[in-house]
Amino acid sequence: MPSYNLSSSINYAILTDQTGSAVFDTGGPSGNYGSNENFYVMIAPAYATGTLTLNLTSFRSENGFDYLRIYSDIPPTSSFSYNATSVGGYLIGVFTGPSVTVPQTVTSSTGKAYIRWNSDGSVEDTGFALQWTGSGFYTVNSSSGVTTNKYALTIPKGAVSGSVLGFNNGVFTGSSILTADKDILFGAWLKADKGNRDATKRGIFGLGNTNGSGITIAKEASGPADFSFYYRDNNGSFITSFSDIMMGGNTGAEPIAIYIPQWHYYGVALRKTSTTGAIAYAYRDGYLFASNPITYTASWGAVSSSAATLLVGAYRTSNTIQSSNTWSGSVDDMFMATAITGAGESAFNNFYSSIYNSGNWADPNAVITGAFSTSSYSPRVLFNWRFEETGSVLNTLDYGFYGIHSASTTSSAGGTLSLTPTSSGISYTPYSSLAYTVAANSGVPSLTSASYGTGEASGSLFVYVDRLSGSAGALSVDYSTVNGTAVSGTNYTKTTGSFSWADGITTRQSASIPILFDGVQTANKVFYFTLSNLSVGSFASYPSAISSSTITVVDQEQGTFSIESSSYAVIEGNSTTIKVNRYSGSFGAVNVNITSSNGTALSATDYNAISQTLAFANGETSKTLTATTIDNGTDVIPPPLYFTVGINTITPEYLPLAKVFTGTNPYTTVYITDNETGSVRFTNSSLTGAIGSTITIPVERYAGSDFAATASVTRIGGTAVAGIDYTEIFSYNVSWADQESGVKNISLQTLNTDVWRGNKTLTLELTSLTNLNIGSIMTASILFDAGVITESAPSLPSVSPDYTINSFTNASSQYTRRVEQVPLRFGIRGPASIRGSEYKVTKE
């Protein structure tokens, strides 16, 4: 049996061998696989309707990086992920690592398996080997693996008038087979080789007259569809197309690059929803992959029995049979059925799934009847043609449920066909000759991704192109960049050229595109890289090939960094917060180093030196740092103290440093306000003044003059009495202006009385200090000196009319401790007397 090594030449291929064949990685049975591989293979044995068993006989790969994944089918949706690491859903086997247990089997219930192999760019190992066994509804010779005694109707390429085979319309005996209230179902095993596309559609089967009116399974001549469904009745026609039916029935999830003329079971259905509306369904190998709503311009009519010729061959939708550029194919087990309109979509889905999986081709009546929920829909198989060889003649079996037909016998009227291999240009071929063998192909260039991205500071971007799906002959393709929102010369440099491969070469190629830094903060921008002028074939033949990629240039302005203010002020001994802003871009993580420099202020004396890195995260736009000053204890006279703080380095730096700071503040000046406010004191701790005099009290601000300052002089003790011994002024406030220091004098007026009171004292204190420190003398004592009284011997007074006494000895009770001689001169006016120990002066 055949064996296959994965390679570009069979990437996306379908392997149809019935049993015993093997698939190896790119290294074959004994070699290692390569780096960065990504291959897909569908294993679909011809006619398999039961299970497919894969036997994994060896496996070794890099754990967690190189994977063999096995799916039960190609998932039909574009959103399906092929990166799962555990089984589930479509994924029925996952293998990675050097310790996979072998042999082991994986069984697919769909009769097919989708194999995906991928490796990364590092470790390579011996890879895998697996064999498969498929089960089908046809008898297979156990020794040769070839089906026995089964044939298909073969329709040649190059249509001529004799390539259309007509069947007697007697199977439609009666008048109401295809009335307006009937839904129509059709199914067949088909294998078609398409040729060049041409101006009109080609068909392989039709129900209708020789002009193509009726139901047709057809090939689309242009556009993406390769198989289409048509219904025409007496009132007009409609057309609905299903894209890529022959290509595998995919809707974009995994388009198959190599066209595989492979046997598949196709089904189409027309389900009427109103007198003018319907839904057309397309099925492939038992599952629904497309449906199209249809609006019909007129009410549904019936296909006339007189025009109901059944045609098999190189069919057409025009009145002229094409003579060239058509297609060939094979067909077997065709059936047509009807059901009264009203069955739901699930009934159609159930039927086509059941007919495919059961393999009941000889009599599909049981399948179709069981698929519908109630017999009221009257499902009927109108015919089932199965080709069989009898001697050298290919015969058909006709099973019907209308008129003269019965479910169990071969009709002898109208619907029986016998032909020789050369009849009408149509032949029959054993199935064993119909299996597809992978053929050499030139392949197609394909970009490795439909999208690339790079930062504008990257300098360049590489795009990569692979040669996929074949390596036969030389192959070349041109490439060019195309502007989008990104413009050549501003965001990138226009790049053109060509890629070429020699015969048998599939080496990946690349092109480098210079990326330009525009220095302007903008949204991300895109441009395109396109492939054109393919030397062999066309991209249309390879739906999975990527011929154009979108390249996104990510804006990478790291931003401009600036200190928020050009100056800051701080009182010495305190701190200030400096803010660094990032604007006009915030891409990437950036470290900004901030350092300080001396001005008139000196580091370690007046401030703490700064050398700090601010780490801006991606998108972060502001950071702060703290500048701390030192109280130097020295009174400084202007000019003021200052130092500078500036941005030193930026890493990573996408732009020159000078550009980063254009129009902003790369530096700031920190002005230090001197904070020696000084101290306050009395210049003397004791002062003396005569009673009746003015005593000056000096108060001094020293060792600093910053800021306006005040102190309060307050009486805290002493024998002097305010209002008797001195004029009250306390509390007394002393003030100095900013930058003013020195002595402030306080004038204290003492009072003299007629009564000798002796010495007095007053104690003062400096309190309520503002912007002043406590000085060396905070209290002062003041003596009010009363002087000395001297005694003398009195003489007889010479009494004048005013009785003036020059001297006397005072012995009054107030001065009981001593007797002093006090000179007095006084006059007495009015009644009064002065008495002493030796005198009495009286004036009446």
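Residues numbered from 1 in each chain as written. Predicted model: local features only at pLDDT ≥ 70, side-chain atom pairs only at ≥ 80, totals over all residues. Heavy atoms only, no water.

### A short note on the overall build of the protein chain
Working step 1: For the protein chain, the count of helices and strands is three helices and 55 strands.
Working step 2: Within the protein chain, buried positions represent 46% of all 844 residues.
Working step 3: Counted over contacts in the protein chain with a minimum sequence separation of 6, partners at least 24 positions apart contribute 72%.
Working step 4: Looking at the protein chain as shown, the accessible area adds up to about 35,600 Å², and 49% of this sits on carbon and sulfur atoms. (Helix = DSSP H or I, 4+ residues; strand = E, 2+ residues; numbered from the N terminus. Buried < 20%, exposed > 50% of the residue type's maximum accessible area, 1.4 Å probe, protein only. Contact = heavy atoms within 4.5 Å. Areas by Shrake-Rupley, 256 points an atom, 1.4 Å probe, with all protein chains shown as cover.)

### Re the pattern of salt bridges
Working step 1: Taken as a whole and assessed by the stated rule, the structure comprises six salt bridges.
Working step 2: Close ionic contact of Asp125 with Arg60 constitutes a salt bridge, the shortest N to O distance being 3.3 Å. With a gap of 65 residues between them, Asp125 in the loop between β9 (113–118) and β10 (127–136) and Arg60 in strand β5 (residues 48–60) connect regions that are remote in the sequence.
Working step 3: Its relative accessible area of 14% is what places Asp125 among the buried residues. (Salt bridge = Lys/Arg side-chain N within 4 Å of Asp/Glu carboxyl O.)

### Considerations on the packing of aromatic side chains
Each aromatic ring pair is described using two quantities: the centre-to-centre distance and the angle formed by the ring planes.
Working step 1: Evaluation of the coordinates by the stated rule reveals 21 aromatic pairs.
Working step 2: For the ring pair Tyr40 and Tyr114, a centre distance of 6.3 Å and an interplane angle of 50° mean the geometry is tilted. Linking Tyr40 in strand β4 (residues 38–43) with Tyr114 in strand β9, this pair joins segments that are 74 residues apart in sequence. Note on accessibility: Tyr40 and Tyr114 belong to one class, buried.
Working step 3: Taken together, Tyr281, Tyr283, Phe348, Phe351 and Tyr352 form an aromatic cluster joined through their ring pairs. (Phe/Tyr/Trp six-rings, centres within 6.5 Å; stacked < 30°, edge-to-face > 60°.)

### Some points on the sheet that holds strand β34 (residues 548–554)
Working step 1: Here we have five strands laid out as an open sheet, ordered β28-β34-β33-β30-β31, and mixed in their pairing. Two strands in the sheet have a free side with no partner beyond their single neighbour: β28 (451–455) and β31 (496–501). On average, each strand axis in the sheet is tilted by 25° relative to the strand beside it, whichever way the strands run. (Pairing = 2+ DSSP bridges. Axes fitted to C-alpha atoms, helices over the stretch in contact; angles between N-to-C directions.)

### Digging into the side chain of Asp674
Working step 1: Positionally, Asp674 belongs in the loop between β42 (667–673) and β43 (679–682).
Working step 2: One buried charged residue, Asp674, remains without a salt bridge, the closest side chain of opposite sign being Arg701 at 9.3 Å. (Lys, Arg positive; Asp, Glu negative; His and termini not counted.)

### Section: the sheet that holds strand β49 (residues 760–770)
Think of a sheet as strands paired side by side through backbone hydrogen bonds, with each pair either parallel or antiparallel.
Working step 1: Here five strands make up an open sheet; going across it, the order is β44-β51-β49-β46-β47 and the pairing mixed. Edge positions in the sheet fall to β44 (686–690) and β47 (732–736), since each of these pairs with one other strand and no more. Looking at each pair of strands side by side, their axes are set apart by 25° on average, direction ignored.
Working step 2: Here strand β46 (residues 709–717) pairs with β49 via six bridges, running antiparallel. The partner of Thr714 across the bridge, within β49, is Glu765.

### Let's talk about the confidence of the model for the protein chain
Working step 1: This prediction gives the protein chain a mean pLDDT of 75; 64% of its residues lie at or above 70.
Working step 2: Under a pLDDT of 50 for its full length, residues 173–177 has, in the predicted model, eleven contacts with residues more than four places off or in other chains.
Working step 3: Long-range and interchain partners of residues 304–308, a stretch whose pLDDT sits below 50, account for eleven contacts in this model, where long-range means more than four residues apart. (pLDDT = per-residue confidence, 0-100.)

### Overview of the side chain of Arg582
Working step 1: Mapped onto the elements, Arg582 comes out in strand β37 (residues 575–583).
Working step 2: One buried charged side chain, Arg582, makes no salt bridge at all; its nearest oppositely charged neighbour is Glu620, positioned 6.4 Å away.
Working step 3: At 2.9 Å, the side chain of Arg582 forms a polar contact with the backbone oxygen of Gly588.
Working step 4: Among all residues touching Arg582, those that are not within four sequence positions of it are Gln558, Gly559, Thr560, Phe561, Phe587, Gly588, Val590, Phe616, Ala617, Gly619, Glu620 and Thr621. (Polar contact = N/O pair within 3.5 Å; in protein donor to acceptor, adjacent residues only side chain to side chain.)

### Quick word on the pairing of β9
Working step 1: Burial runs high along β9: five of the six residues are buried.
Working step 2: Summarising the sheet, β4 and β9 pair through six bridges and their orientation is antiparallel. Of the residues in β9, the one forming a bridge with Phe39 is Trp117.
Working step 3: Note that strand β6 (residues 67–71) and β9 share five bridges and pair antiparallel. The residue of β9 that forms the bridge with Leu68 is Trp117.

### Quick notes on unusual backbone geometry
Working step 1: Of note, the bond from Val102 into Pro103 is cis; its omega dihedral lies within 30 degrees of zero at -5°.
Working step 2: Relative to the helices and strands, Pro103 is located in the loop between β7 (91–95) and β8 (104–108).
Working step 3: Cis geometry marks the peptide bond from Phe730 to Ser731; its omega dihedral reads 5°.
Working step 4: Of note in this structure, Gln739 is not a glycine but carries a positive phi near 70°.
Working step 5: With respect to the secondary-structure elements, Gln739 resides in the loop between β47 and β48 (742–749).
Working step 6: We classify Gln739 as partly exposed; its relative accessible area is 36%.
Working step 7: A positive phi is found at Asn771, a non-glycine position, where the angle reads about 55°.
Working step 8: By the element assignment, Asn771 lies in the loop between β49 and β50 (773–774).

### Topic: the environment of Arg284
Working step 1: With respect to the helices and strands, Arg284 occurs in strand β19 (residues 277–284).
Working step 2: For the pair Arg284 and His264, spaced 20 residues apart in sequence, the C-alpha separation works out to 6.9 Å.

### A word on the environment of Asn63
Working step 1: Residue position: Asn63 is located in the loop between β5 and β6.
Working step 2: Once the C-alpha coordinates of Asn63 and Pro98 are considered, the two residues, 35 residues apart in sequence, prove to be 6.6 Å apart.
Working step 3: Setting aside residues no more than four positions away along its own chain, Asn63 makes contact with Thr96, Gly97 and Pro98.

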